[in-house]
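Architecture and fold: a report
If you want the building blocks of each chain, they are given just below.
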Amino acid sequence: MLNNLIVATLPLVPKPIIRQISRRYIAGDTLDDAIATARTLLDEEGARSTIDVLGEFVDTRERALVDKEDSSAVLDAIDAHGLKATAGLSIKPTSLGLGIDEEFAYGNIRDLAVKARDLGIFMRIDMENTPYTDATLATYRRLRDEGIDNVGIVLQSMLRRTEQDIRDLVAYRPSIRLCKGIYREERDVAFQDREEVRDCFRRCLRLMVENGMYAAIATHDDALLEDAYEVIAAHGLGPDQYEFQMLLGVKERTRREILSAGHNLRVYVPFGEDWYGYSSRRLKENPAMAGMIAKAVLLRQ
Ligand SMILES: Cc1cc2nc3c(=O)[nH]c(=O)nc-3n(C[C@H](O)[C@H](O)[C@H](O)COP(=O)(O)OP(=O)(O)OC[C@H]3O[C@@H](n4cnc5c(N)ncnc54)[C@H](O)[C@@H]3O)c2cc1C
């Protein structure tokens, strides 16, 4: 109840407070911070990473081109630091211009995908809200149709369409990151009930595995993790068929347990100065958010 109230009033919370309490979710302002985090995750825990330049929903071509250069620099840094076997790039289509012009965005995404391919680095196309679902899937298909195979997609189990999307992608045998989905969506397109979202996640995971797709299982939900262990065991999946994925700063103890049980796990490592949108979404998902904000506000008095 208190959490719901704080979610509603989050835009009123001063930005320095949001910044302070969301620090754990973000590697830092710079690419060096992201590379250092990826290196530490690998050396200390054996975790892989996917690096994301913060930024989304850009409304000018100039800004999209800056974001493209930033993602391009991530590829160079992964290569230069000898991390390409374990670190990849995640991109947000609207940060590369999908909301401005689809063809322009496609050119940007394609350039990054080709550069990543030439360097031997995997690139994941994040999934944003439903105005962009069709265009994002079309982008993925077009890349694959052009023979650019080092790319993966994300699907959200909150969406009613997702099972059908998986079926429609069977011929591509895609690498799919399956997550619940973070954006607020209307009832006609998305399940609103927690259990329905979970059930859809379980069905989608089975559909992916039964169709020989690479499953990137992106959840911190214990019930879904338990279910995934069952699916992995029942199908005798090997390390080249699945991995777990978690967000930086979330359920770190569970992350270490998954890794010590011998599963591959990749951490989403965002960095950059455009931290507000991402941080707000993470805070809304944190059950302890209300207390954290109250404490931060009090300590500032
Ligand atoms: C690697 C990765 C990539 C993702 N990419 C996308 C994407 O491209 N598009 C998209 O729409 N969504 C994406 N998401 C977000 C995802 O859709 C969910 O919003 C998010 O993972 C929370 O869902 P959950 O399955 O962990 O379940 P939840 O029920 O939200 O969380 C399960 C438990 O995890 C803990 N927890 C979760 N979040 C937090 C937090 N922020 N702080 C502290 N504890 C927390 C809590 O204990 C909670 O009870 C991604 C998630 C991951 C892990």
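Everything here concerns the structure above.
One structure accompanies this document, and this report is about it. Quick caveat, the model's predicted, so the values are computed rather than measured.

1. Section: the overall build of the chain
A count of helical and extended segments in the chain gives 12 helices and eight strands. Relative to its 301 residues, the chain shows a buried fraction of 55%. Expressed as a percentage of contacts within the chain between residues at least 6 apart in sequence, the contacts between residues at least 24 apart total 74%. Total accessible area computed for the chain in this model is approximately 13700 Å², and 49% of it derives from carbon and sulfur atoms. Side chains of the chain carry 41 positive and 49 negative charges; the gap between the two charge centres is 3 Å.

2. Here's the deal with the packing of helix H4 (residues 61-80) against helix H5 (residues 102-119)
Where H4 contacts H5, the axes come no closer than 10 Å and their chain directions differ by 10 degrees. In terms of orientation, H4 and H5 fall into the roughly parallel class. Contact residues: Arg61, Ala64, Leu65, Lys68, Ser71, Ser72, Leu75, Asp76 and Asp79 in H4; Phe104, Asn108, Asp111, Leu112, Lys115, Ala116 and Leu119 in H5.

3. A closer look at the pairing of strand S4 (residues 151-156)
Among the six residues that make up S4, six are buried, leaving the element largely enclosed by the rest of the structure. Alternating positions in S4 separate into two faces, Val151, Ile153 and Leu155 on one and Gly152, Val154 and Gln156 on the other, with burial throughout. By the bridge criterion, two bridges tie strand S3 (residues 123-125) to S4 in an arrangement that is parallel. Looking at S4, one finds that Arg124 is bridged to Gly152.

4. Examining the site of the ligand
In the vicinity of the ligand there are 27 residues, among which Tyr25, Gly181, Thr219, His220 and Glu285 approach most closely. His220 places a polar side-chain atom, nitrogen or oxygen, 2.7 Å from an oxygen atom of the ligand. Burial of the ligand by the surrounding chains reaches 89%, relative to a free accessible area of 930 Å². Among the secondary structure elements, those contributing two or more residues to the shell around the ligand are S4, strand S5 (175-179), strand S7 (242-247) and helix H11 (276-285). For the shell around the ligand, the leading source of residues is S7, giving three residues. Partitioned by chemical class, the residues of the shell around the ligand number 12 nonpolar, six polar and nine charged. Looking at the shell around the ligand, you find at least three residues from each of domain 1 (1-22 + 275-301) and domain 2 (23-274).

5. Points about the environment of Leu12
Summarising the element assignment, Leu12 is placed in the loop between helix H1 (2-9) and helix H2 (15-21). Linking Leu12 and Glu69, residues 57 residues apart in sequence, is a C-alpha distance of 33 Å.

6. Structural notes on the packing of aromatic side chains
The geometry of an aromatic ring pair comes down to the distance between the two centres and the angle between the two planes. By the definition in use, this model includes six aromatic pairs. On the numbers, 6.1 Å between centres and 15 degrees between planes, the contact of Tyr268 with Tyr278 is stacked. Taken together, the residues Tyr268 in strand S8 (residues 265-271) and Tyr278 in helix H11 connect sequence positions 10 residues apart. For the pair formed by Tyr268 and Tyr278, the shared burial category is buried. Through successive ring pairs, a cluster of aromatic residues spans Tyr229, Tyr242 and Phe244. Above the face of the Tyr106 ring, Arg142 is positioned so that its terminal group lies 3.8 Å from the ring centre.

Rules used in this analysis
- Residues numbered from 1 in each chain as written.
- Predicted model: local features only at pLDDT ≥ 70, side-chain atom pairs only at ≥ 80, totals over all residues.
- Heavy atoms only, no water.
- Helix = DSSP H or I, 4+ residues; strand = E, 2+ residues; numbered from the N terminus.
- Buried < 20%, exposed > 50% of the residue type's maximum accessible area, 1.4 Å probe, protein only.
- Contact = heavy atoms within 4.5 Å.
- Areas by Shrake-Rupley, 256 points an atom, 1.4 Å probe, with all protein chains shown as cover.
- Lys, Arg positive; Asp, Glu negative; His and termini not counted.
- Charge placed at Lys NZ, Arg CZ, Asp CG, Glu CD.
- Axes fitted to C-alpha atoms, helices over the stretch in contact; angles between N-to-C directions.
- Parallel < 35°, antiparallel > 145°, perpendicular 65-115°, else oblique.
- Pairing = 2+ DSSP bridges.
- Near = heavy atom within 4 Å.
- Polar contact = N/O pair within 3.5 Å; in protein donor to acceptor, adjacent residues only side chain to side chain.
- Nonpolar A, V, L, I, M, F, W, Y, C, P; charged D, E, K, R; others polar.
- Domains from an automatic or database assignment.
- Phe/Tyr/Trp six-rings, centres within 6.5 Å; stacked < 30°, edge-to-face > 60°.
- Lys NZ or Arg CZ within 6 Å of the ring centre and 35° of its normal.

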